[in-house]
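Each chain is listed here by its residues.
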Amino acid sequence: MASNPSQDPNLNAPDIDTSTGSAADVEAVMRKYDRESNTRIWEGTPKVIVSCILVAFSLFCLYVTLFANFLEQVRMTSFMGLVIIMGFLTYPARKGAVKPNSLPWYDIVLMVLGAGAFFYYALNAHVILNTRLKEILTNPMYTIIAVVGILVLAELCRRSVGLPILCVAIFFIGYTFFNGKTLSRTAYEMFYGDNGILGTPVSVCSKYIVVFIIFGAFLEKTGVSAFFINLANSLTGRFAGGPAKVAVISSALCGMVSGSSVGNTVTTGSVTIPMMKKTGYRSEFAGAVEAAASTGGQIMPPIMGAAAFLMADYLGVPYSNIIVRAIVPAVLYFLGIFIAVHLEAKKLGLKGIDRSMLPRFKSLLKDTYLLLPLIVLIVLVCSNTRTMQFSAAVAIVVAILVGFLNNLTGYYRRTQQDAGSAAAGEIPSSFGIKTILSALEAGGRSCVTVAVACGIAGVICGCITVTGLANRLISAIVGVSGNSMLLGLFLTMLCCIVLGMGVPTTATYCIMASTCAPILIQMGVPQIAAHFFVFYYGIVADITPPVALAAYAGAAIAKGKPMKTGVTATRLAIGAFIIPFVFAASPALLFIDTVWYEVVLITITATLGMIGVAAGLSGYLLTNMNIIERLLTIGGGLALIVPGTLTDFIGLGLIALGVVMQVIRKRGQASA
């Protein structure tokens, strides 16, 4: 699959750096920028013990979500208590604290106190719920337990998620006190109430998200990532700049499953970025392509990362409803990136990979059974015959069966022998009990940061609810924007991006759903469109400087400049910044109050618009563009993306004028 350096003419150019960052380089950068990558090192017996705890947690979550009939407060508090234990076993107090088998005494104390606070609530839930509010507020014991639980969760958030979301939470708690709420009342609302830690985010996380995270871990163990990259290579590898197109397709498919921008960038980027650099792409561009595509995986149906489950719960609609509405915007997003990498390849004169070095599409047909878990999941979720968690559990069983089937077909052996396949060193040589336990362990570990972020997001949402701040924000932004929906959308976009920097998508969406989405609804944007709007901008924060974790990961592998990689990734993902404005102004893109031909028309004009914007930003269409041609195509593209007959004609006219100027200039260059 990977091109042979001796046969690749692009490598003869002296100014092309084909080196890539080692695994140690990537790990160092991630430990510096990404809290989730800064974990303890366990060896020997302690490692076995920690692994067993993580496996037990995953099994507990599967049992509770599928079979148990616990009281909601018991289910959520026991879940958070276990998360506290796993969190302190996984994340050290500071960056660089990687001494093997080290667990300081103060971490043990914090772990016991924090988990104990949540377990106390779980064991005494019936008593607490039947106790009068006045008695709880006047009993210092209840307040102390609540404060301890909140503070320990906040410390774990600092370790595993980072400071940005914690600073936001501190601000809102301070605002709550400023509005006259006492310590006991605030502690009660945030810890014991239904609008704090035990609010919608943790409820959905403990009920739905955790099962889908475990499913993703099992799916990765089947080797589906290798299949996705092989499939993308067979379809696009031979065309101009093929490796970059492979990165777009494979990262969209893999990111859909993993739900983690940074994790997917590192996993697929370790394969696609070296391929792109060998073809001739610059370091920053190669890292940016992978980061932009991996980040977009969270908007790609049918998985869409964890936040989509929260959206279904907030809106009170079936998850299948969310999936259907997300299809067209997701396709437009990746089409924009695909066009950008194609034009960059044409601009640089890059070639694809030789056909003889690519997997044949027909040879991959025998491995399509790897998609069975996804197919089963989609069918069950879309049919609405079973709950989401039951559907995910069935898909996990199918993934296990596929893993055993891989043993019979020799899929693992063939993947390991293929030096260019995705994550060849990440999947086992055979599927067995150890693989199942490893998937359960990985799933349990991945749940920690999501659950912690959901808990802190619950605190933020609780403060907003208790103080009535949401109504004040709505009034302020509506007042500033006046009758201009465009200005209101722009201000909301800025809020989402700023608050989303360095914050997991799940937590960002929770905050935005409580603060910014109601603002858009007040301005006349349909409820579903408003939630999709804030969902998109919460995601692109992962590639928007100055805190662009996915872009930093791509830069580490490509050995490029992190900030320049982030800027390039933002340019490539321009669709994610434009498309939300489209479906906010014309919800037909989300299949809201429309007919099929309107959707087709909007999709066609938006696609042409994406081509125009991508060409103008890259500076190439038929040949290199001058500033006038770039402005014409960008302006025409934006006009086409905005729904409306008048804007469509203006957009077509501007792009046509730019193309005519390109044709004339190209002919002049050819005759010169």
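If you're wondering where the values come from, they're calculated on a predicted model, not measured in any experiment.

Notes on the overall build of the protein
A count of helices and strands for the protein gives 31 helices and zero strands. For 672 residues, the compact-globule formula gives about 26 Å, and the C-alpha radius of gyration of the protein, at 25 Å, lands near that figure. Expressed as lengths along the three principal axes of its C-alpha atoms, the size of the protein is roughly 90 × 65 × 45 Å. Out of the 672 residues in the protein, the part that is buried amounts to 57%. Here the contacts in the protein between residues at least 6 apart in sequence split such that 79% fall between residues at least 24 apart.

A look at the pattern of salt bridges
Across all of its chains, the model carries ten salt bridges by this definition. In this structure, the salt-bridge partner of Glu 155 is Arg 159, at a minimum N-O distance of 2.7 Å. With a gap of four residues between them, Glu 155 and Arg 159 both fall in helix H7 (residues 140-160), about one helical turn apart. Sharing partners across several salt bridges, the network here consists of Arg 40, Asp 107, Glu 155, Arg 158 and Arg 159.

A word on the environment of Leu 358
By the secondary structure assignment, Leu 358 is in the loop between helix H16 (319-348) and helix H17 (361-364). Owing to a relative accessible area of 12%, Leu 358 belongs among the buried residues under this scheme. The spacing of Leu 358 and Ser 618 is 260 residues in sequence and 28 Å in space, taken between C-alpha atoms.

What to know about a nonpolar patch on the surface
A cluster of nonpolar side chains, contributed by Val 595, Trp 596, Tyr 597, Val 600, Ile 604, Leu 608, Ile 611 and Leu 652, occupies part of the molecular surface with about 750 Å² of accessible area. Ranked by residues supplied to the nonpolar patch, first place goes to helix H29 (residues 596-618) with six residues. In this fold, Val 600 is placed in helix H29. A relative accessible area of 39% places Val 600 in the partly exposed class.

Some points on unusual backbone geometry
A positive phi angle, near 55°, is found at Asn 101, a position not held by glycine. We note that Lys 559 has phi near 60°; this positive angle belongs to a residue other than glycine. With respect to the helices, strands and loops of the structure, Lys 559 is situated in the loop between helix H26 (549-558) and helix H27 (562-572). Take Lys 559: its relative accessible area is 47%, and that puts it in the partly exposed class.

Things to note about H16
In this model H16 runs 43 Å from its N-terminal to its C-terminal C-alpha over 30 residues, within 8% of the 44 Å that 1.5 Å per residue would give. The sharpest bend along H16 reaches about 40° and sits at Ile 327, with the proline Pro 329 one to four residues further on. Count one or two residues on from H16 and you reach Gly 349, which has phi positive near 70°.

Some details on the packing of aromatic side chains
Aromatic rings in a pair are described by how distant their centres are and how their planes are angled relative to each other. In total, this model carries 23 aromatic pairs according to the counting rule given. A centroid spacing of 6.1 Å and a plane angle of 80° characterise the contact between Tyr 509 and Phe 535, whose relative ring orientation is edge-to-face. In this pair, Tyr 509 is assigned in helix H24 (residues 505-522) and Phe 535 in helix H25 (residues 527-540), connecting sequence segments 26 residues apart. The buried category is assigned to Tyr 509, whose relative accessible area is 1%. For Phe 535, a relative accessible area of 1% corresponds to the buried category. Residues Phe 533 and Tyr 537 carry aromatic rings whose centres are separated by 4.9 Å and whose planes lie at 65° to one another, so their mutual orientation is edge-to-face.

Section: the environment of Asn 233
Within the fold, Asn 233 resides in helix H11 (residues 224-236). As a C-alpha pair, Asn 233 and Phe 361 span 128 residues in sequence and 9.0 Å in three-dimensional space.

Here we look at the nonpolar core
Core analysis: the biggest nonpolar cluster contains 196 residues, and Phe 79, Phe 191, Tyr 333, Phe 532, Phe 533 and Phe 535 have the highest contact counts within it. The biggest single contributor to this core is helix H21 (residues 433-467), with 17 residues. Leave out the neighbours within four places in its chain, and Phe 191 touches Ala 117, Phe 118, Tyr 121, Ile 145, Ala 146, Gly 149, Ile 150, Ile 197 and Leu 198. Counting seven residues, the second largest nonpolar core, distinct from the first, contains Ile 229, Val 246, Val 271 and Ile 353.

Quick notes on helix H10 (residues 200-221)
Over its 22 residues, H10 extends 31 Å from the first C-alpha to the last, a length consistent with the 32 Å expected when each residue adds 1.5 Å. Along H10, the helix axis deviates most sharply at Ser 206, where the bend reaches about 45°. Buried residues dominate H10, accounting for 19 of its 22 residues. Of the residues trailing H10, Gly 223 is marked for its positive phi of about 85°.

Overview of the side chain of Glu 629
Mapping Glu 629 onto the fold places it in helix H30 (residues 627-641). With residues up to four places along the chain from it excluded, the contact list for Glu 629 reads Asn 624, Gly 658, Met 661, Gln 662 and Arg 665.

Description of the layout of surface pockets
The computed volume of the second largest pocket comes to approximately 290 Å³. Lining the second largest pocket are 15 residues; nearest its centre among them are Val 147, Ile 150, Leu 151, Ala 154 and Ile 173.

Considerations on the packing of H16 against helix H28 (residues 574-585)
The N-to-C vectors of H16 and H28 enclose an angle of 150°; their axes lie 9 Å apart at closest approach. With respect to each other, H16 and H28 are oriented roughly antiparallel. Taken as a pair, H16 and H28 cross one another with a handedness that is right-handed. For the pair H16 and H28, the contacting residues are Pro 329, Leu 332 and Tyr 333 in the first and Gly 575, Ala 576, Ile 579 and Phe 583 in the second. Its residues placed into classes, the contact of H16 with H28 shows six nonpolar, one polar and no charged.

About the criteria used
Residues numbered from 1 in each chain as written. Predicted model: local features only at pLDDT ≥ 70, side-chain atom pairs only at ≥ 80, totals over all residues. Heavy atoms only, no water. Helix = DSSP H or I, 4+ residues; strand = E, 2+ residues; numbered from the N terminus. Rg over C-alpha atoms; globule rule 2.2 N^0.38 Å. Buried < 20%, exposed > 50% of the residue type's maximum accessible area, 1.4 Å probe, protein only. Contact = heavy atoms within 4.5 Å. Salt bridge = Lys/Arg side-chain N within 4 Å of Asp/Glu carboxyl O. Patch = residues over 30% accessible without salt bridge, like charges linked within 9 Å, V, L, I, M, F, W, Y side chains within 5 Å. Areas by Shrake-Rupley, 256 points an atom, 1.4 Å probe, with all protein chains shown as cover. Expected span 1.5 Å × (residues − 1). Bend = angle between axes of the 7 residues up to and from the residue. Phe/Tyr/Trp six-rings, centres within 6.5 Å; stacked < 30°, edge-to-face > 60°. Core = buried A, V, L, I, M, F, W, Y, C linked by side-chain atoms within 4.5 Å. 1 Å grid on protein atoms, 1.4 Å probe; cavity = no way out; pocket = protein on both sides within 12 Å on 5 of 7 lines; lining within 4 Å. Points joined across faces, edges and corners; volume = space filled by probe spheres on them. Axes fitted to C-alpha atoms, helices over the stretch in contact; angles between N-to-C directions. Parallel < 35°, antiparallel > 145°, perpendicular 65-115°, else oblique. Left-handed = near helix turned anticlockwise from the far one by under 90°. Nonpolar A, V, L, I, M, F, W, Y, C, P; charged D, E, K, R; others polar.

That's the geometry; what it means functionally is another story.
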